[in-house]
Amino acid sequence: MIVPDPKVARTLLTRYATLRIAQAERETPQAARELQDVTYTLCVLMGTPDVREAVAAADALLESAATPVQDAEHTENGLSLAV
């Protein structure tokens, strides 16, 4: 399974939120088109047919990306043992 890049997901979520706010404040055809494009891209990136599912999946991805992973190269305090 291919996992989306968290940086791309964060960028799309930010753009999606910004455009939703812009449309709520003042609807414009340009913002509506951009919102439609970002919505589609976010859904494709997250592999979901619905934007609510895409946002939830992107949030989960960002949350898991923020959680440090303990492996053989890290000590208990998260410092790398690589030389």
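Residues numbered from 1 in each chain as written. Predicted model: local features only at pLDDT ≥ 70, side-chain atom pairs only at ≥ 80, totals over all residues. Heavy atoms only, no water.

A.B. asks: Outline the pattern of salt bridges, supporting the account with residue identities and numerical values.
C.D. replies: A full pass over the atoms with the stated rule returns two salt bridges. One salt bridge in this structure joins Glu 34 and Arg 15, with 2.2 Å as the shortest N-O distance. Placement of Glu 34 in helix H2 (residues 29–46) and of Arg 15 in helix H1 (residues 6–25) is noted, with a sequence separation of 19 residues between them. Of the charged contacts, one joins Asp 50 and Arg 52 as a salt bridge, the two residues approaching to 3.2 Å between their closest N and O atoms. (Salt bridge = Lys/Arg side-chain N within 4 Å of Asp/Glu carboxyl O. Helix = DSSP H or I, 4+ residues; strand = E, 2+ residues; numbered from the N terminus.)

A.B. asks: Which residues make up helix H3 (residues 51–66), and what values go with them?
C.D. replies: Side chains of residues three or four places apart in an α-helix project in the same direction, reflecting 3.6 residues per turn. If you check H3, its first and last C-alpha atoms are 22 Å apart, about what 16 residues at 1.5 Å a residue would give, namely 22 Å. The complete set of buried residues in H3 reads Val 51, Ala 54, Ala 58, Leu 61 and Leu 62. Angular distribution of buried residues about the axis of H3 spans 95°; they occupy a single face of the element. Opposite its buried face, H3 presents the exposed residues Arg 52 and Glu 63, each directed more than 90 degrees away. On the buried face of H3, the contacting elements are H1 and H2. You can read the cap of H3 off the contacts: a side-chain oxygen lies 2.9 Å from the backbone nitrogen of Arg 52, and it is on Asp 50. (Expected span 1.5 Å × (residues − 1). Buried < 20%, exposed > 50% of the residue type's maximum accessible area, 1.4 Å probe, protein only. Arc of directions from axis to C-beta. Contact = heavy atoms within 4.5 Å. Polar contact = N/O pair within 3.5 Å; in protein donor to acceptor, adjacent residues only side chain to side chain.)

A.B. asks: An account of H1 is requested, with residue identities and associated values reported.
C.D. replies: The end-to-end C-alpha distance of H1, which contains 20 residues, comes to 29 Å, matching closely the 28 Å that a straight helix rising 1.5 Å per residue would cover. Residues Ala 9, Leu 12, Leu 13, Tyr 16, Leu 19 and Gln 23 constitute the buried set of H1. Projection of H1 onto a plane perpendicular to its axis shows the buried side chains occupying an angular sector of 135°, all on one side. Away from its buried face, by an angle of more than 90 degrees, H1 presents the exposed residues Lys 7, Thr 11 and Glu 25.

A.B. asks: Can you break down the packing of H2 against H3 residue by residue, with the values?
C.D. replies: Put simply, H2 and H3 touch, their axes get as near as 9 Å, and they point 55° apart. By the criterion of interaxial angle, the relationship of H2 to H3 is oblique. Between H2 and H3 the crossing geometry is left-handed. Of H3, the residues touching H2 (which contributes Thr 39, Leu 42, Cys 43 and Met 46) are Val 51, Ala 54, Val 55, Ala 57, Ala 58 and Leu 61. (Axes fitted to C-alpha atoms, helices over the stretch in contact; angles between N-to-C directions. Parallel < 35°, antiparallel > 145°, perpendicular 65-115°, else oblique. Left-handed = near helix turned anticlockwise from the far one by under 90°.)

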